[in-house]
Amino acid sequence: MQFLNGKEERMWAMIVHLSAFLGFIVPFGNVLGPLIVWLIKREEGAFFYQHGKEALNFSISVTIYAAISSLLIIIFIGALLLGALFIFWAIFVIIAAVKANEGKEFRYPLTLRFIK
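Below or above, wherever it landed, is the structure these notes cover. Because the structure is predicted, anything quoted here is derived from the model rather than measured.

**Things to note about the overall build of the protein chain**
Stage number 1. Within the protein chain one finds four helices and zero strands.
Stage number 2. When its helices and strands are written in sequence order, the protein chain yields α-α-α-α.
Stage number 3. A compact globule built from 116 residues would reach a C-alpha radius of gyration of about 13 Å, and the protein chain, at 15 Å, matches this within 12%.
Stage number 4. The principal-axis extents of the C-alpha atoms in the protein chain amount to approximately 50 × 25 × 20 Å.
Stage number 5. Taken over 116 residues, the protein chain has a buried fraction of 36%.
Stage number 6. Considering only residue pairs separated by 6 or more positions, the protein chain has 66% of its internal contacts joining residues 24 or more positions apart.
Stage number 7. Side-chain charges of the protein chain comprise 10 positive and 7 negative groups, with the mean position of each set lying 5 Å from the other.

Spelled out as structure tokens, the structure:
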């Protein structure tokens with residue numbers, strides 16, 4: 001096993017957050033991107049491991065929130081919730097990627113912790 005040096009580990013931590021944008025190209029890519037990157041690199045550094053878990057938990061949480069919002073479209077509030085959720089998701093993914101690149105810890109708000 002090869003461990004990442006500090007700069008590489010920060011880069012991969014940033015990539016795991018930004019991989020959520022794969023959801024624009026592939027259905028459920030917002031979960032699959034962080035999952036694949038995290039599974040490949042998770043044992044190569046503690047800093048990356050934490051950011052990978054956080055990115056994956058956030059992606060799963062947002063997918064659940066989007067599903068609930070989609071069901072609420074029936075009573076018209078779902079469209080507003082989906083719009084707000086999309087903006088919330090995009091902003092916090094970018095913030096997390098910047099923090100990871102700076103070498104700082106970051107915890108997403110409103111995240112369900114599936115992977116501990």
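**Some words on unusual backbone geometry**
Stage number 1. At Phe28, a residue that is not glycine, the phi angle is positive and equals roughly 60 degrees.
Stage number 2. Note that Phe28 resides in the loop between α1 (6–18) and α2 (29–41).
Stage number 3. In the Ramachandran plot, Phe76 falls in the positive-phi region, its phi being about 70 degrees despite a non-glycine side chain.
Stage number 4. Structurally, Phe76 is set in the loop between α3 (46–71) and α4 (77–102).
Stage number 5. On the basis of relative accessible area, Phe76 is assigned to the exposed category, the value being 70%.

**Points about the pattern of salt bridges**
Pairing between side chains becomes possible if they bear opposite charge and their charged atoms approach one another.
Stage number 1. Considering all chains together, one arrives at three salt bridges under this definition.
Stage number 2. Residue Glu102 pairs with Lys104 through a salt bridge whose shortest N-O separation is 3.5 Å.

**So, the packing of α3 against α4**
Stage number 1. As a packed pair, α3 and α4 sit with axes 9 Å apart at the nearest point and diverge in direction by 175 degrees. As the angle between them shows, α3 and α4 are arranged roughly antiparallel. Every residue of α4 that contacts α3 at Phe47, His51, Phe58, Val62, Tyr65, Ala66, Ser69 and Ser70 is listed here: Gly78, Leu81, Leu82, Leu85, Phe88, Trp89, Phe92, Val93 and Ala100.
Stage number 2. Considered class by class, the residues forming the contact of α3 with α4 number 13 nonpolar, four polar and no charged.

**Details of the packing of aromatic side chains**
Stage number 1. Within this structure, the stated rule accounts for 11 aromatic pairs.
Stage number 2. Between Phe24 and Phe86, the ring centres sit 6.0 Å apart and the planes meet at 70 degrees, which makes this aromatic pair edge-to-face. With Phe24 in the loop between α1 and α2 and Phe86 in helix α4, this residue pair connects regions lying 62 residues apart in the sequence.
Stage number 3. You can call Phe86 partly exposed: its relative accessible area is 42%.
Stage number 4. With 5.5 Å between their ring centres and 45 degrees between their planes, Trp38 and Tyr49 make a pair best called tilted. Here Trp38 is found in helix α2, whereas its partner Tyr49 is found in helix α3, with 11 residues between them in sequence.
Stage number 5. On the accessibility criterion, Trp38 (5% relative accessible area) is buried.
Stage number 6. What links up through ring pairs into an aromatic cluster is the set Phe58, Phe88, Phe92, Phe106 and Tyr108.
Stage number 7. Across from the ring centre of Trp38, 5.4 Å away, lies the NZ or CZ of Arg42, which sits over that ring.

Quick notes on the rules
- Residues numbered from 1 in each chain as written.
- Predicted model: local features only at pLDDT ≥ 70, side-chain atom pairs only at ≥ 80, totals over all residues.
- Heavy atoms only, no water.
- Helix = DSSP H or I, 4+ residues; strand = E, 2+ residues; numbered from the N terminus.
- Rg over C-alpha atoms; globule rule 2.2 N^0.38 Å.
- Buried < 20%, exposed > 50% of the residue type's maximum accessible area, 1.4 Å probe, protein only.
- Contact = heavy atoms within 4.5 Å.
- Lys, Arg positive; Asp, Glu negative; His and termini not counted.
- Charge placed at Lys NZ, Arg CZ, Asp CG, Glu CD.
- Salt bridge = Lys/Arg side-chain N within 4 Å of Asp/Glu carboxyl O.
- Axes fitted to C-alpha atoms, helices over the stretch in contact; angles between N-to-C directions.
- Parallel < 35°, antiparallel > 145°, perpendicular 65-115°, else oblique.
- Nonpolar A, V, L, I, M, F, W, Y, C, P; charged D, E, K, R; others polar.
- Phe/Tyr/Trp six-rings, centres within 6.5 Å; stacked < 30°, edge-to-face > 60°.
- Lys NZ or Arg CZ within 6 Å of the ring centre and 35° of its normal.

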